Amino acid sequence: MNAKAIPSSFFDELKSLIDTKDLMVDVPEANLHDWSDEQPGKPQCLVTPRTTEQVASIMELCNRYGVAVVPQGGLSGLAGGAVPSENCLLLSLAKMNKIEHLDAVVGTLQVQAGAILQTLQEEAEAAGWMFALDLGARGSCQIGGNIATNAGGNRVIRYGVMRDLVLGLEVVLPDGKILNLLQSMKKNNTGLDLRQLFIGTEGTLGIITRAIVKLHPGVTGANTALIAFDDYQDVLHFLKKAQSSFSGLVSAFEVMWSDYYQTALNTLGKADQFDQKHNYYLLFDIQSNDPKQDYPQFEKLMEEAFEEEVIKNAVLANSDRETQELWELRDCVSEILKINAPTINFDVSVGLDKIGELAAELKATLSQKFPDLITLFFGHIGDGNLHLVAGPVVGGLTTEHAIETEVYRITKAFFGSVSAEHGIGLHKKKWLRHSRSEIEVSLMQTLKAAMDPNKIMNPGKVLD
Ligand SMILES: Cc1cc2nc3c(=O)[nH]c(=O)nc-3n(C[C@H](O)[C@H](O)[C@H](O)COP(=O)(O)OP(=O)(O)OC[C@H]3O[C@@H](n4cnc5c(N)ncnc54)[C@H](O)[C@@H]3O)c2cc1C
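Note that the structure is a prediction, hence the values are computed from the model and not measured.

(A) Just the overall build of the protein chain, in detail. Looking only at helices and strands, the protein chain has 15 helices and 18 strands in total. In terms of its C-alpha atoms, the protein chain occupies a principal-axis envelope of roughly 75 × 55 × 40 Å. Within the span of the protein chain, comprising 464 residues, buried residues form 54% of the whole. Here the contacts in the protein chain between residues at least 6 apart in sequence split such that 74% fall between residues at least 24 apart. Both charge centroids of the protein chain, one from 41 positive and one from 59 negative side chains, sit 6 Å from each other.

And the structure:
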């Protein structure tokens, strides 16, 4: 239905719903791609509505004509979820980017879905609060996209994933009805929690137009360290030790395997802070209201761990500049992707105790089967989330498929997930069943059919 020619009356009606400057038939190249390498179909047009009511009337029109709608946020997605399907209408939230209300007493923020993540962070900080979601694409991704992908990022270990930060939502359903779930209370046990239908479902069930998110009390800074380990079990021992010492304050636990670390140093042109090479490097943050007061305890944790031979060495940041320099090692992934292009970016999760073993098995298998492939491991290890950048992938889709087959076969054997945080989109659709049972997939299909019987919402994404 979605690939059929669209009658001119559709466009006549569309023009009556939206200002001409918010409707483009020549879709800009930038709206054809996200950060994945998925190939776009040819869209009919791009609309950039300014109000929820406009989104609703556009959806009602598309539903009536059976025109596919692909929601677009900041296009930083890595799974192809926002890539246009053939003949679709692209609906970008870019012009619905207002910060509407910050409740500085309770700590909540109401925004339109197109607001950029970094803007939310800055607004919250200016009011003495913190919006806890943080990830490398903060300057371009939108809160609607973050919610639609249930984004994770650098601080999940302390504050949870996007799902944990959403209090209320406003959503336009595929038939154009506006679903108002803009509540700000934490507790509400009155039947199905309908917000969850739209969090992490990648725009396949509705368009998120507004959100109320939870803020955390402001922190004034962090104690940050780069710590070297040789044994993965020691990384886990240190996590336990740090959590006992700073109950609830461990805010980042990002591990870089040696190959990633050396590549990051080369990419940034930095000298190694350690005089010896190690197997694992941990970027470790304790955020608090008084980092200076916490510093002696932070130092003591390192000294004890060193004496107990849990850690091999550590560099403690002594200024904001030094903290930023340490974080650059972890944040330079986008540059690393370019060096080894074309790459495949894996984003798997397994139980925390299994990550070291999983990475070792993946590395051994891939280097044996694809000797020229460079594999770099890193990730939000405190959350059991391992990233792998593998490249350059020589041999196109056939090699890509062969590499993915190995990675997901091994991940499945560890009872892991094929996507910890980037989502399924187009890119991982064929691997969904590695992580979800037939009963689960069938229930997802039932929900999709009930909510979007004309299959207009982001067709071909996540599910067939
Ligand atoms: C350098 C870099 C670092 C990254 N780091 C992380 C990380 O640490 N953790 C992480 O989780 N992700 C990370 N990502 C992936 C990406 O940033 C996130 O998935 C982000 O949440 C996507 O937001 P977006 O606005 O760019 O969405 P888009 O890419 O535009 O869209 C993503 C999906 O959401 C849907 N969508 C977008 N807006 C809406 C809406 N308003 N209503 C309904 N559906 C919508 C789209 O149709 C698509 O399916 C990273 C990406 C890059 C490039």
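Moving on from the model shown.
(B) Broad picture of the pattern of salt bridges. In this structure the tally under the stated criterion is 26 salt bridges. The shortest N-O distance in the salt bridge between Glu170 and Arg210 comes to 3.1 Å. Of this pair, Glu170 sits in strand S8 (residues 166-172) while Arg210 sits in strand S10 (residues 207-214), placing them 40 residues apart in sequence. Exposure class is identical for Glu170 and Arg210. Each is buried. One salt-bridge network, in which partners are shared between bridges, spans Lys241, Lys300, Glu304 and Glu308.

(C) Representation of the packing of helix H8 (residues 258-268) against helix H10 (residues 320-331) within the structure. At a minimum axis separation of 9 Å, H8 and H10 run at an interaxial angle of 115 degrees. The angle between H8 and H10 places the two elements in the roughly perpendicular class. For the crossing formed where H8 meets H10, the hand is right-handed. Here Tyr260, Tyr261, Ala264, Leu265 and Leu268 of H8 lie close against H10, whose contacting residues are Glu328, Leu329 and Arg330. Residue composition of the contact of H8 with H10, grouped by class: six nonpolar, no polar and two charged.

(D) Looking closely at the packing of aromatic side chains. With the rule as written, the count across this model stands at 17 aromatic pairs. Centroid distance Phe10 to Phe11: 5.3 Å. Interplanar angle 90 degrees. Geometry classified as edge-to-face. The same class applies to Phe10 and to Phe11, which are both buried. With 5.5 Å between their ring centres and 80 degrees between their planes, Trp257 and Tyr280 make a pair best called edge-to-face. Remark: Tyr280 occurs in strand S14 (residues 280-288) and Trp257 occurs in strand S13 (residues 250-257); sequence separation between them is 23 residues. Tyr280 matches Trp257 in its accessibility class, with the two residues each being buried. Put simply, the rings of Phe229, Phe238, Phe246, Phe253, Phe284, Tyr295 and Phe298 pair up and form one aromatic cluster.

(E) View of the sheet that holds S10. One open sheet holds the five strands; their spatial order is S5-S6-S10-S8-S9, and the pairing between them is antiparallel. With one partner strand each, in any of the chains shown, strand S5 (99-103) and strand S9 (178-181) form the two edges of the open sheet. Across the sheet, the mean angle from the axis of one strand to that of its neighbour is 10 degrees, orientation sign disregarded. Note that strand S6 (residues 108-112) and S10 share five bridges and pair antiparallel. By the bridge assignment, Leu109 is partnered in S10 with Val213. Helix-sheet contacts for helix H3 (residues 117-126) involve S5, S6 and S10, and the interaxial angle to S5 is about 35 degrees.

So, how was this worked out
- Residues numbered from 1 in each chain as written.
- Predicted model: local features only at pLDDT ≥ 70, side-chain atom pairs only at ≥ 80, totals over all residues.
- Heavy atoms only, no water.
- Helix = DSSP H or I, 4+ residues; strand = E, 2+ residues; numbered from the N terminus.
- Buried < 20%, exposed > 50% of the residue type's maximum accessible area, 1.4 Å probe, protein only.
- Contact = heavy atoms within 4.5 Å.
- Lys, Arg positive; Asp, Glu negative; His and termini not counted.
- Charge placed at Lys NZ, Arg CZ, Asp CG, Glu CD.
- Salt bridge = Lys/Arg side-chain N within 4 Å of Asp/Glu carboxyl O.
- Axes fitted to C-alpha atoms, helices over the stretch in contact; angles between N-to-C directions.
- Parallel < 35°, antiparallel > 145°, perpendicular 65-115°, else oblique.
- Left-handed = near helix turned anticlockwise from the far one by under 90°.
- Nonpolar A, V, L, I, M, F, W, Y, C, P; charged D, E, K, R; others polar.
- Phe/Tyr/Trp six-rings, centres within 6.5 Å; stacked < 30°, edge-to-face > 60°.
- Pairing = 2+ DSSP bridges.

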